[in-house]
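The chain contents come next:
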Amino acid sequence: MQERSVDTCRRLVSAAAELFDRKGYVNATLGEITGAARVTKGALYFHFTSKGELAQAVQTRGRTLLAASVDRLTAGNGSPLQTLIDFTHWLARGLREEAALRANFRLSRELRGEEAAGADFYQVGMATAWSLLDRAEAAGELRDGVDRTGPQTLLAAAVAGIELLAATDMPDEELTARVAALWDLALPGLVGPAGRTAYRTTPP
């Protein structure tokens, strides 16, 4: 019985993510969500008291995916800067594959300032990237004298820009190439020309 309940909750969150991504929070109805999840409204209200609570579950799912990606990338890499590069590639790919990530960005735009909004996913993405940048500085990977304001602003633009590019119909290969090109341009400013070859700008 517990396994069935967990599966029902998972299907509701997945269906909600798909519909919030496609139609937005206001236009996605609970009837559409229960229909897509193939559950009754009674089952929905057993797990969630409102559409806002369901949106919060979708946001939690997105933040969990993001945190898990950083843990996984960090575990396989001794370089925070390389982890940062790989994180941006993960974000680009994840936005194509995971509705919960796409829905999180849309919910952050549509529910800004409202109780249901939870954490702003743009802020979460930026904070994650900035934390990795701080780790890279602490590890001595950045060249001396780098002012973090510029790199932080670039990373904020990269998070928002990757979300925008992923939403277009450009092929996956082009999206990947554009993220790599961003790092080809940015790395010399972060590590100096001599350190550029120590880092891979393509996906892991």
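Definitions and limits used
Note on numbering: residues in each chain are counted from 1, in written sequence order. pLDDT decides what is reported in this predicted model: residues at 70 or higher carry local features, side-chain atom pairs at 80 or more are listed and counted, and totals for whole chains, interfaces and linings draw on all residues regardless. Only heavy atoms go into the side-chain values, all of them from the structure, while hydrogens and water stay out. Working definition of a nonpolar core: buried Ala, Val, Leu, Ile, Met, Phe, Trp, Tyr and Cys residues. They are joined through side-chain atoms within 4.5 Å. When a residue's accessible area, from a 1.4 Å probe over protein chains only, is under 20% of the maximum for its type it is buried; when over 50% it is exposed; and in between it is partly exposed. Strands are runs of DSSP state E lasting at least 2 residues, helices are runs of H or I lasting at least 4, and numbering of each runs from the N terminus. The contact rule is simple, with two residues in contact once any of their heavy atoms fall within 4.5 Å. Here a helix's expected span is defined as the number of its residues, less one, multiplied by 1.5 Å. Aromatic pairs are defined between Phe, Tyr and Trp rings, using the six-membered ring for Trp, whenever the two ring centres lie within 6.5 Å; interplanar angles under 30 degrees are classed as stacked, those over 60 as edge-to-face, and all others as tilted. A ring is considered to have a charge above it if a Lys NZ or an Arg CZ atom is located within 6 Å of its centre and within 35 degrees of its normal. Counted as a polar contact is a pair of N or O atoms within 3.5 Å, where, for protein atoms, one must be capable of donating a hydrogen and the other of accepting one, and residues adjacent in sequence contribute only when both atoms are in side chains. The term salt bridge refers to a pairing of a side-chain nitrogen on Lys or Arg with a carboxyl oxygen on Asp or Glu at a separation within 4 Å. Only the stretch in contact is used when a helix axis is fitted, and all axes are lines through C-alpha atoms; the angle between N-to-C directions ranges over 0 to 180 degrees. Here the angle decides the label: under 35 degrees means roughly parallel, over 145 means roughly antiparallel, 65 to 115 means roughly perpendicular, and every other value means oblique. Amino acid classes used here: Ala, Val, Leu, Ile, Met, Phe, Trp, Tyr, Cys and Pro are nonpolar; Asp, Glu, Lys and Arg are charged; the rest, including Gly, are polar.

(A) How the structure looks around the nonpolar core. One finds Phe20, Ile33, Leu81 and Trp183 to be the most contacted residues of the largest nonpolar core, which totals 60 residues. The set of elements that each furnish at least two residues to this core consists of helix 1 (2-23), helix 2 (30-37), helix 4 (51-75), helix 5 (80-97), helix 6 (99-110), helix 7 (121-138), helix 8 (149-166) and helix 9 (172-191). When neighbours within four sequence positions are excluded, Leu81 is seen to be in contact with Ala136, Glu141, Leu142, Leu187, Leu190, Val191 and Tyr199.

(B) Representation of helix 9. Between its terminal C-alpha atoms helix 9 stretches 28 Å, which fits the 28 Å expected from 20 residues at 1.5 Å a residue. Those residues of helix 9 that fall on the buried side of the exposure criterion are Leu175, Val179, Ala180, Trp183, Ala186, Leu187, Leu190 and Val191. For helix 9, the secondary structure elements touched by its buried residues are helix 5 and helix 8. Two residues or fewer after helix 9 comes Gly192, characterised by a positive phi angle close to 85 degrees.

(C) Examining the packing of aromatic side chains more closely. One pass over the structure, following the stated rule, counts four aromatic pairs. An angle of 45 degrees between the planes, with centres 5.5 Å apart, marks the rings of Phe20 and Tyr25 as tilted. The pair formed by Phe20 and Tyr25 is uniform in burial state, with each residue classed as buried. When the centroid spacing of 5.0 Å and the interplanar angle of 80 degrees are considered together, the rings of Phe105 and Phe121 count as edge-to-face. One end of the pair, Phe105, is in helix 6; the other, Phe121, is in helix 7, with 16 residues separating them in the sequence. Judged on exposure class, the residue Phe105 and its partner Phe121 are both buried. Lys51 extends its terminal NZ or CZ atom over the ring of Tyr25, reaching a point 4.7 Å from the ring centre.

(D) Structural context of the side chain of Ser108. Counting through the fold element by element, Ser108 comes out in helix 6. Here the side chain of Ser108 touches Asn104 through a polar contact of 2.9 Å, landing on its backbone oxygen. Leaving out residues up to four positions away in the same chain, Ser108 has contacts with Ala119, Asp120, Phe121 and Tyr122.

(E) Structural detail: the pattern of salt bridges. Within this structure, the stated rule accounts for 12 salt bridges. Here Asp172 and Arg96 are joined by a salt bridge, their closest N and O atoms 2.4 Å apart. Taken together, the residues Asp172 in helix 9 and Arg96 in helix 5 connect sequence positions 76 residues apart.

(F) Spotlight on the side chain of Thr201. Relative to the assigned elements, Thr201 resides in the segment after helix 9. For Thr201, a relative accessible area of 8% puts it in the buried group. Only 3.0 Å separates the side chain of Thr201 from the side chain of Asp184, close enough to count as a polar contact. Beyond its immediate sequence surroundings of up to four residues, Thr201 is in contact with Ile85, His89, Ala180, Trp183, Asp184, Leu187 and Arg196.

(G) Main features of the packing of helix 1 against helix 4. Running from N to C, helix 1 and helix 4 point in directions that differ by 95 degrees, and their axes come no closer than 9 Å. By the angle between their directions, the pair helix 1 and helix 4 is classed as roughly perpendicular. In this structure, helix 1 uses Leu12, Val13, Ala16, Ala17 and Phe20 to contact helix 4, whose residues at the interface are Lys51, Leu54, Ala55, Ala57, Val58 and Arg61. Split by residue class, the contact of helix 1 with helix 4 holds nine nonpolar, no polar and two charged.

None of this, on its own, says anything about what the molecule does.
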